[in-house]
Amino acid sequence: MAGNTGVPGAFTNNANNANTTGGQIQADTATNALIITAPEPQYRQLRAVIDMLDQRRAQVMVESLIAEVNADKALQMGIQWQAPFGTNAVGGTNFGTTGNIAGLSQGSTAAAAAGVGTGLNIGTLRTVNGRNVLGSLANFLETNGDANILSTPTLLTLDNEEAKIVVGQNVPFITGQYTSNNTATGSVNPFQTVERKDVGLTLRVKPQISETGTVKLTIFQEVSSVDYTKASTIGLITNKRSIESNVLVEDGSVIVLGGLLSDTFTGNKSQVPGLGDIPGLGWLFRNESRTRSKANLMVFLRPIVVRDASATEALSNNRYQQMIGVQNSSQPSSNILLDTGGAAKLPPINESPRPSGK
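How each quantity is defined
Residues numbered from 1 in each chain as written. Predicted model: local features only at pLDDT ≥ 70, side-chain atom pairs only at ≥ 80, totals over all residues. Heavy atoms only, no water. Helix = DSSP H or I, 4+ residues; strand = E, 2+ residues; numbered from the N terminus. Buried < 20%, exposed > 50% of the residue type's maximum accessible area, 1.4 Å probe, protein only. Contact = heavy atoms within 4.5 Å. Areas by Shrake-Rupley, 256 points an atom, 1.4 Å probe, with all protein chains shown as cover. Phe/Tyr/Trp six-rings, centres within 6.5 Å; stacked < 30°, edge-to-face > 60°. Lys NZ or Arg CZ within 6 Å of the ring centre and 35° of its normal. Pairing = 2+ DSSP bridges. Salt bridge = Lys/Arg side-chain N within 4 Å of Asp/Glu carboxyl O. Expected span 1.5 Å × (residues − 1). Core = buried A, V, L, I, M, F, W, Y, C linked by side-chain atoms within 4.5 Å. Polar contact = N/O pair within 3.5 Å; in protein donor to acceptor, adjacent residues only side chain to side chain. Patch = residues over 30% accessible without salt bridge, like charges linked within 9 Å, V, L, I, M, F, W, Y side chains within 5 Å.

Chemist: So what's going on with the overall build of the protein? Residues and values would help.
Modeler: Of regular secondary structure, the protein possesses four helices and 13 strands. Here the protein holds 358 residues, and 26% of them are scored as buried. A separation threshold of at least 6 residues defines the contact pool for the protein, and within that pool the share at least 24 residues apart is 61%. For the protein, the computed accessible surface area is about 23,500 Å², with 53% contributed by carbon and sulfur atoms.

Chemist: Residues and numbers for the packing of aromatic side chains, please.
Modeler: A ring pair, where both rings are aromatic, is described by two values, the distance of the centres and the angle of the planes. All chains considered together, the criterion is met by zero aromatic pairs. Directly above the aromatic system of Phe173 lies the positively charged group of Lys197, at a separation of 6.0 Å from the ring centroid.

Chemist: Could you give an account of the environment of Arg47, with specific residues and numbers?
Modeler: Along the chain, the position of Arg47 falls in helix H1 (residues 40-53). In sequence terms Arg47 and Ile36 are 11 residues apart; their C-alpha atoms lie 9.2 Å from each other.

Chemist: Report on the side chain of Ser224, specifying residues and quantitative values.
Modeler: In this fold, Ser224 is placed in strand E10 (residues 215-226). If we ignore the near neighbours within four places in the chain, the residues touching Ser224 are Asp198, Val199, Gly200, Asn239 and Lys240.

Chemist: Any chance you could break down the pairing of strand E2 (residues 33-37) for me, citing the residues and the numbers?
Modeler: Sheet topology places strand E1 (residues 24-28) next to E2; five bridges connect them, and they run antiparallel. Looking across to E2, one finds that Gln26 is bridged to Ile35. Turn length for the E1-E2 hairpin, with the two strands adjacent in sequence and antiparallel, is four residues, and the turn residue Asn32 shows positive phi of about 55°.

Chemist: Tell me about the pattern of salt bridges, and name the residues and values.
Modeler: Here the idea is simple: oppositely charged side chains can pair when their charged atoms come close. Considering all chains together, one arrives at 10 salt bridges under this definition. The partner of Arg57 in a salt bridge is Glu161, with the nearest N and O atoms 3.6 Å apart. Remark: Glu161 occurs in the loop between strand E7 (154-158) and strand E8 (163-180) and Arg57 occurs in the loop between H1 and strand E3 (59-85); sequence separation between them is 104 residues. Exposure remark for Glu161: the relative accessible area of 36% places this residue in the partly exposed category. Arg204 serves as the salt-bridge partner of Glu162, at 4.0 Å between the closest nitrogen and oxygen. Within this pair, whereas Glu162 is found in the loop between E7 and E8, its partner Arg204 is found in strand E9 (residues 189-209), the two being separated by 42 residues in sequence. One salt-bridge network, held together by shared partners, links Glu63, Arg302 and Arg319.

Chemist: Would you mind going over helix H4 (residues 309-329) in detail, with residue names and values included?
Modeler: Over its 21 residues, H4 extends 31 Å from the first C-alpha to the last, a length consistent with the 30 Å expected when each residue adds 1.5 Å. Residues Thr312, Leu315, Tyr320 and Ile324 constitute the buried set of H4.

Chemist: Can you tell me about the nonpolar core, naming the residues and giving the values?
Modeler: Within the largest apolar cluster, 22 residues are counted, with the highest numbers of intra-cluster contacts made by Leu217, Ile219 and Leu257. At the level of elements, E3, E9, E10, strand E11 (238-249) and strand E13 (286-306) are the ones that each hand at least two residues to this core. Excluding residues within four positions of it along the chain, Leu217 makes contact with Val62, Val205, Lys206, Pro207, Ser245, Asn246, Val247, Val249, Leu301 and Pro303. Within the second largest apolar cluster, five residues are counted, among which are Leu34, Ala38, Tyr43 and Ile50.

Chemist: So what's going on with the side chain of Thr214? Residues and values would help.
Modeler: Within the secondary structure, Thr214 sits in the loop between E9 and E10. Of the polar contacts made by the side chain of Thr214, one reaches the side chain of Glu250; its length is 3.1 Å. Discounting residues that sit within four places of it in the chain, Thr214 has contacts with Gln208, Ile209, Leu248, Val249 and Glu250.

Chemist: Help me get a handle on the environment of Thr124, residues and values and all.
Modeler: You can see Thr124 is positioned in strand E5 (residues 120-128). Expressed as a C-alpha distance, the spacing of Thr124 and Ala138, which sit 14 residues apart in the sequence, is 9.3 Å.

Chemist: Can you explain a nonpolar patch on the surface? Please cite residues and give values.
Modeler: Taken together, the side chains of Leu275, Ile278, Leu281 and Leu284 define a hydrophobic patch exposed on the protein surface, amounting to about 300 Å² of accessible area. Structurally, Leu281 is set in the loop between strand E12 (255-271) and E13.

Here's what the structure looks like:
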């Protein structure tokens, strides 16, 4: 224990019963107090040291900002055709991008139209032996995808104390499985082992305030997500972006921890040799697709030193009022027939929260 907090008489000086060459110190953890038995000079020295240590510790509020902007653009254009003669095709092209034209021709007209793919599809039909046959198919497709993600996790912790916040999901991952046919009836008893991991946003920070006001931060920040678009036979696939670093930041200043700037281009072209290179006419003998992906990810951080109770209260009141404003703007519109009293709201800052309905 470093001293006493609000416990009268916790520091006891029993100089008459103490030896002049030493003393005794006992700690009472229940009352956060020290019992000192020592000569007067030694007691005064100990009391001076304890008074210096037993002070209000400063706190640090760490604001983290994760800004991510992604843009994906894809273009595809291709032509497939076949020249039917009787029930067989004697020539044609097929690049397998929007469905096999020979396979689509074997089905009905409705099945062929449903299987050609997305985008603009232009085709021609011919009647061969009383049956409609898909003779040509042109496919045009453009896709654009944009994502703008902004996350602002905030933590308040004591000086030189680690704090952690996790916002996400606890996803199960299969780590092992066993199947045994061990009964006379032939029934199967499956067995699986599952490990759960946090997937989402994780921020772990440990601040240390110097005498000049500079804050040293030990930071670990991770943003992860499950990619359900990519199938895997052995389990789920996760996307992960993490930063682990030690930095020095001035009180109230913004610093960039790191980021990712990527620009990826992918092109794929299938064509008939020679014929696909003919200007203009070559489009009848080739299929081409292009994809471009841009990702911009930046992580910023700002520590704010909170040294006294008034600063802590002002900071908390500011965040409290922000939440009240967000809740007021999210109230449902008035409806005479469906009046349920609106959504819950935080009470004013000068009132204590009360349970709903009381």
